[in-house]
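Summary of structural features
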Amino acid sequence: MSASGGTKAIVAALGANLAIAVAKFVAFIFSGSSSMLAESVHSLADSGNQGLLLLGGKKAQREATPQHPFGYGRERYIYAFLVSIVLFSVGGMFAIYEGYEKIKHPHELEHWYWPVGVLVFAIIAEGFSFRTAIKESNQTRGKLTWTQFVRRAKAPELPVVLLEDLGALVGLILALGGVGLALATGDGVWDGVGTLCIGVLLIIIAIVLAAETKSLLLGEAAGTDEVRKIEQALVDGETVTKVIHMRTLHLGPEELLVAAKVAVQHDDTAAEVASAINAAEERIRAAVPIARVIYLEPDIFSESAAAAGTNPAKSPGDH
């Protein structure tokens, strides 16, 4: 997934959220709607989140150092995880608290046209941001469903923006529903109910984001297609005859570590093995360009040893 596509979606979401946050806060001042206050904080939190994603992308571009020899690619995962924390604490918990207070102490909405007008404007602006995120995601999503895309994406920015924008649109509809019911019934409790629903929605999205980015932080292997391409590139049928076992790990969204033990002919010379290893590395990088850190260990594969004891080709979790 290209960083440029993610950056474009982030910038679009940031611009929309800043404009919407100001408009919602003005509407809250004139109307006293708790839904508008919760939505103001939501948009402000989203703006901060987009700032975190941009900061993480910038920090991830730093060169490797002796202390961090594999670079800083995972900075993007760390800042994406911080986004889920901000969304949960600032957005979700505040909305639940504000909704509870409004249900407990309801009051009639004033100047109803302010929140209604701002919510309609916000839905249009968020729709534009969501459309941009969908368009950028479609360039890399391929045949994956949206659920699969969010779960399998190695670059966190687009899934984060997609879920944030989706949550924002649903939250705006909930806010509009709460305000509408409060106006129709004359009971401000409905405004509080809408605010509570917004809070629950934001917490659910934050939990999903936290779970996905946690997996990335722990370290995920390459995708199935990439693993297959690497295995095919490793074996030349002459010197490298078999992949005994292989491990892959994403050092960042666009940097992959490959470590493998490969079988070579027992009568090959050291020079022939070294040449075959270098050629295998070149084939891997040609097949999977993000495979930038490659460690290959030559060995003599024994069918009888594999059958009698621990199978070195077995992947973690296999039985």
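Preceding block: the structure.
Predicted model, so just to flag it, every value in this text is computed and none were measured. (Residues numbered from 1 in each chain as written. Predicted model: local features only at pLDDT ≥ 70, side-chain atom pairs only at ≥ 80, totals over all residues. Heavy atoms only, no water.)

Our focus in this paragraph is the overall build of the chain. When helices and strands are tallied, the chain shows 10 helices and 3 strands. In the chain, the succession of α and β elements from N to C terminus is α-α-α-α-α-α-α-α-β-β-α-β-α. Relative to the globule expectation of 20 Å for 319 residues, the C-alpha radius of gyration of the chain, 26 Å, shows a markedly less compact shape. Taken over the C-alpha atoms alone, the chain extends approximately 90 × 40 × 35 Å along its principal axes. Scored against the burial criterion, the 319 residues of the chain give a buried share of 44%. Restricting the contact set of the chain to residue pairs at least 6 apart, pairs at least 24 apart contribute 76%. (Helix = DSSP H or I, 4+ residues; strand = E, 2+ residues; numbered from the N terminus. Rg over C-alpha atoms; globule rule 2.2 N^0.38 Å. Buried < 20%, exposed > 50% of the residue type's maximum accessible area, 1.4 Å probe, protein only. Contact = heavy atoms within 4.5 Å.)

Take a nonpolar patch on the surface next. On the surface, F25, I29 and F30 cluster together into a nonpolar patch covering about 300 Å² of accessible area. With respect to the secondary-structure elements, F30 resides in helix α1 (residues 3-31). (Patch = residues over 30% accessible without salt bridge, like charges linked within 9 Å, V, L, I, M, F, W, Y side chains within 5 Å. Areas by Shrake-Rupley, 256 points an atom, 1.4 Å probe, with all protein chains shown as cover. Salt bridge = Lys/Arg side-chain N within 4 Å of Asp/Glu carboxyl O.)

Following both chains from N to C, one finds helix α2 (residues 34-59) and helix α6 (residues 157-185) inclined at 170°, their axes separated by 10 Å at the closest point. Between α2 and α6, the angle falls in the class roughly antiparallel. Where α2 approaches α6, its residues S35, E39, H42, D46, N49, Q50 and L53 are matched on the opposing element by E157, V160, V161, E164, G167, A168, G171, L172, A175 and V179. Here the residues of the contact of α2 with α6 sort into 7 nonpolar, 6 polar and 4 charged. (Axes fitted to C-alpha atoms, helices over the stretch in contact; angles between N-to-C directions. Parallel < 35°, antiparallel > 145°, perpendicular 65-115°, else oblique. Nonpolar A, V, L, I, M, F, W, Y, C, P; charged D, E, K, R; others polar.)

Right, let's get into the sheet that holds strand β1 (residues 240-252). What the 3 strands build is an open sheet, ordered β1-β2-β3; its pairing is mixed. Two strands close off the open sheet at either side, each with one partner strand: β1 and β3 (291-299). Going from strand to strand, the sheet's axes swing by 15° on average, the running direction of each strand aside. In this sheet, β3 lies alongside strand β2 (residues 255-264) in parallel orientation, the contact comprising 8 bridges. The partner of A263 across the bridge, within β3, is D299. (Pairing = 2+ DSSP bridges.)

Now for helix α3 (residues 75-104). It helps to recall that an α-helix has 3.6 residues per turn; residues three or four apart then point in one direction. Helix length check: α3, at 30 residues, gives a terminal C-alpha distance of 43 Å against a target of 44 Å (1.5 Å per residue), a fit within 8%. Of all the bends in α3, the greatest, near 25°, is centred on F88. (Expected span 1.5 Å × (residues − 1). Bend = angle between axes of the 7 residues up to and from the residue.)

Note on placement: T213 falls in helix α7 (residues 189-218). Within the local environment of T213, its side chain forms a polar contact with the backbone oxygen of L209, the two atoms lying 2.7 Å apart. Setting aside anything within four residues of it in sequence, one finds T213 in contact with Y77, A80 and F81. (Polar contact = N/O pair within 3.5 Å; in protein donor to acceptor, adjacent residues only side chain to side chain.)

By themselves, these figures tell us nothing about what the structure is for.
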